[in-house]
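# A closer look at the structure
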Amino acid sequence: MKSIPELLRDADPLGYEPPRSQTDRIRRRQAILETRPSAAPIRSRRSALVAIAAVAVGAAATGTRYWTRATDLVAAVRFEVRLAETTPGPGLREAEISGADRKIYLHEETVVSNADIAEARIVTGNPPDSIGIALTFTPGGSAKMAGATHDHLGRPMAILIDGRVVMAPTVRAVTSTQAVITGTFTKAEADRIVGGIIGR
Amino acid sequence: MSGQREERLAALFDAHEERLYRLARRLTGSPDEADDLVQETFLKAAQSFVSVPSERSGEEAWLVRVLINIRRDQWRRVRVRTRSAALLRAPVAAGASDPESALIAKRAVWSALDRLPPRRRAIVVMHELDGRGVDAIASLLGLAAMTVRWHLSMARRDLRRLLT
């Protein structure tokens, strides 16, 4: 009869899993080094809520909205990034890009979603008279984005809001910590997205 | 100042990331979950930089406690959603002689470990798998040695009940 320590040692995944990827480790390290410091350390959930309230009041006064991911919020807006292709293929799902007269073909897996976003805020879009939404990913999300875009250069990546493809830019460079979504958003839509995108 | 901060963060990561991953992997269900847990821990260190102690043993203790706290919050959320999920049980104590039985046994052990609160689970894995002594674990977690021994005793009792 095996003892508890023996059972634990037999089941220990570190005893049989392959070594970790050093490339991934380097990306994660870089994502940490690129993290901006907070104005003050957040020591408790109560402090985090006070900090968020203060930032929201200050941001509203300057005409932008800025939420940090320091507490649990239910995501009211479903956000996903998926790899895509310009031609159909096995396992790909056809989707239309909102506001554009073209189709793309989505991979099944989600690269990042709401849980991988650390911050969301409204910015000037491209062209300058449009509205954009700047997203900063968590370190885990940054690593996933870096890994996905590294192997997908020159091909499209789809940004989905509530299941609808809002943009599908071509991946020109490895993307990790930040992304800007531009689309035919009204201010009200952008406010709804920024207010509802953070959560788990 | 920002160059110093980056240097210190890099040193923190290089010194502690591997060991934190080993702990995180034994507290979670997959390498991806463990990676995310470690990243969240270092994110907190990056954002609360002035809170991290300056000496090596203090750094490790701070990081380990933050990691366990993050895992505890995750565990509580999952626990509320899956309260009625059945525990995977298998007669593991007698030992598994073929690959399929061995896999089932591993899953049963992991399923049983998932039932332990993260701090207790961390104490068990640090003691039984990392070979850390009670006093070292107590110092790392900011607990009395007696409390660590109690957690070990409760964990063994719970695992025995779940696995045999």
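Everything here concerns the structure above.
Residues numbered from 1 in each chain as written. Chains lettered and ligands numbered in written order. Predicted model: local features only at pLDDT ≥ 70, side-chain atom pairs only at ≥ 80, totals over all residues. Heavy atoms only, no water.

## With respect to the overall build of chain B
Check the secondary structure of chain B and you find 7 helices and 0 strands. In chain B, which comprises 164 residues, the share counted as buried stands at 49%. Long-range contacts, defined as pairs at least 24 residues apart, comprise 67% of the intrachain contacts of chain B with a sequence gap of at least 6. Carbon and sulfur atoms form 51% of the exposed surface of chain B, whose accessible area is close to 8,200 Å². (Helix = DSSP H or I, 4+ residues; strand = E, 2+ residues; numbered from the N terminus. Buried < 20%, exposed > 50% of the residue type's maximum accessible area, 1.4 Å probe, protein only. Contact = heavy atoms within 4.5 Å. Areas by Shrake-Rupley, 256 points an atom, 1.4 Å probe, with all protein chains shown as cover.)

## Considering the packing of helix α5 (residues 118–128) of chain B against helix α7 (residues 145–163) of chain B
Residue and element names in this part refer to chain B. Taken N-terminus to C-terminus, the directions of α5 and α7 make an angle of 95 degrees; their axes are 9 Å apart at the nearest point. The orientation of α5 with respect to α7, classified from their angle, is roughly perpendicular. Residues Arg119, Arg120, Ile123, Val124, His127 and Glu128 of α5 lie in contact with α7, whose contacting residues are Val148, Trp150, His151, Leu152, Met154, Ala155, Arg156 and Asp158. (Axes fitted to C-alpha atoms, helices over the stretch in contact; angles between N-to-C directions. Parallel < 35°, antiparallel > 145°, perpendicular 65-115°, else oblique.)

## Some points on the interface of chain A and chain B
With 35 residues of chain A at the interface, the matching set in chain B holds 40 residues. Both faces considered, chain A and chain B share a buried interface measuring about 3,500 Å² in area, 61% of it formed by carbon and sulfur atoms. Viewed at the interface, chain B and chain A are joined by 11 salt bridges. In this structure, the salt-bridge partner of Glu18 of chain B is Arg20 of chain A, at a minimum N-O distance of 3.2 Å. Counting across the interface, chain A meets chain B through 10 residue pairs in polar contact (both at pLDDT 80 or more). Among the secondary structure elements, those contributing two or more residues to the side of chain A that touches chain B are α1 (4–11), α2 (22–33) and α4 (139–150) of chain A. Counting residues per element, the side of chain A that touches chain B draws most heavily on α1 of chain A, at 7 residues. For the side of chain A that touches chain B, the class distribution of residues is 16 nonpolar, 3 polar and 16 charged. (Buried area = accessible area lost by both parts, 1.4 Å probe. Salt bridge = Lys/Arg side-chain N within 4 Å of Asp/Glu carboxyl O. Polar contact = N/O pair within 3.5 Å; in protein donor to acceptor, adjacent residues only side chain to side chain. Nonpolar A, V, L, I, M, F, W, Y, C, P; charged D, E, K, R; others polar.)

## Focus on empty space enclosed by the protein
Sizing a probe to match a water molecule and rolling it over the atoms shows the empty space that remains. Residue and element names in this part refer to chain B. Applying the stated criterion to the full structure yields 1 cavity of 30 Å³ or more. Lining the largest cavity we find His16, Arg19, Leu20, Leu23, Glu60, Leu63, Val64, Met126, Asp130 and Arg132. Broken down by secondary-structure element, the contributors of at least two residues to the lining of the largest cavity are α1 (2–27) and α3 (56–81). Residue contributions to the lining of the largest cavity peak at 4 residues, all from α1. (1 Å grid on protein atoms, 1.4 Å probe; cavity = no way out; pocket = protein on both sides within 12 Å on 5 of 7 lines; lining within 4 Å. Points joined across faces, edges and corners; volume = space filled by probe spheres on them.)

## Description of the packing of aromatic side chains
Aromatic ring pairs are defined here through the distance separating the ring centres and the angle between the ring planes. All names here are of chain B. Scanning the entire structure with this criterion turns up 1 aromatic pair over all chains. Between Phe13 and Phe42, the aromatic rings sit 5.0 Å apart at their centres with planes inclined by 45 degrees, giving tilted as the arrangement. Taken together, the positions of Phe13 in helix α1 and Phe42 in helix α2 (residues 31–47) put the pair 29 residues apart, joining distant regions of the chain. By relative accessible area, which is 0% here, Phe13 ends up buried. Cation over ring: Arg121 sits above Trp110, and NZ or CZ is 5.3 Å from the ring centre. (Phe/Tyr/Trp six-rings, centres within 6.5 Å; stacked < 30°, edge-to-face > 60°. Lys NZ or Arg CZ within 6 Å of the ring centre and 35° of its normal.)

## Describing α1 of chain A
Of all the positions in α1 of chain A, only Ile4, Pro5, Leu7, Leu8 and Ala11 of chain A are classed as buried. In a view along the axis of α1 of chain A, the buried residues occupy a sector of 160 degrees, so they form one face of it. Among the structural elements, α4 (99–114), α5 and α7 of chain B are those in contact with the buried residues of α1 of chain A. (Arc of directions from axis to C-beta.)

## Comments concerning the pattern of salt bridges
Using the criterion set out here, one finds 31 salt bridges over all chains in the structure. Between Arg82 of chain A and Glu80 of chain A there is a salt bridge; the shortest N-O distance is 3.0 Å. Ionic pairing is found between Glu60 of chain B and Arg19 of chain B, a salt bridge with its closest N-O pair at 3.2 Å. With Glu60 of chain B in helix α3 and Arg19 of chain B in helix α1, this residue pair connects regions lying 41 residues apart in the sequence. Linked by salt bridges that have partners in common, Arg20, Arg25, Arg28 and Arg29 of chain A together with Asp14, Glu17, Glu18 and Asp35 of chain B make up one network.

## Let's talk about the packing of α1 of chain A against α7 of chain B
Two elements in contact, α1 of chain A and α7 of chain B, have axes separated by 10 Å at closest approach and are oriented at 75 degrees. For the element pair α1 of chain A / α7 of chain B, the angle class is roughly perpendicular. Counted together, Ile4, Leu7 and Leu8 of chain A of α1 of chain A and Arg156, Leu159, Arg160 and Leu163 of chain B of α7 of chain B form the full contact between these two elements. Residue classes in the contact of α1 of chain A with α7 of chain B are distributed as 5 nonpolar, no polar and 2 charged.

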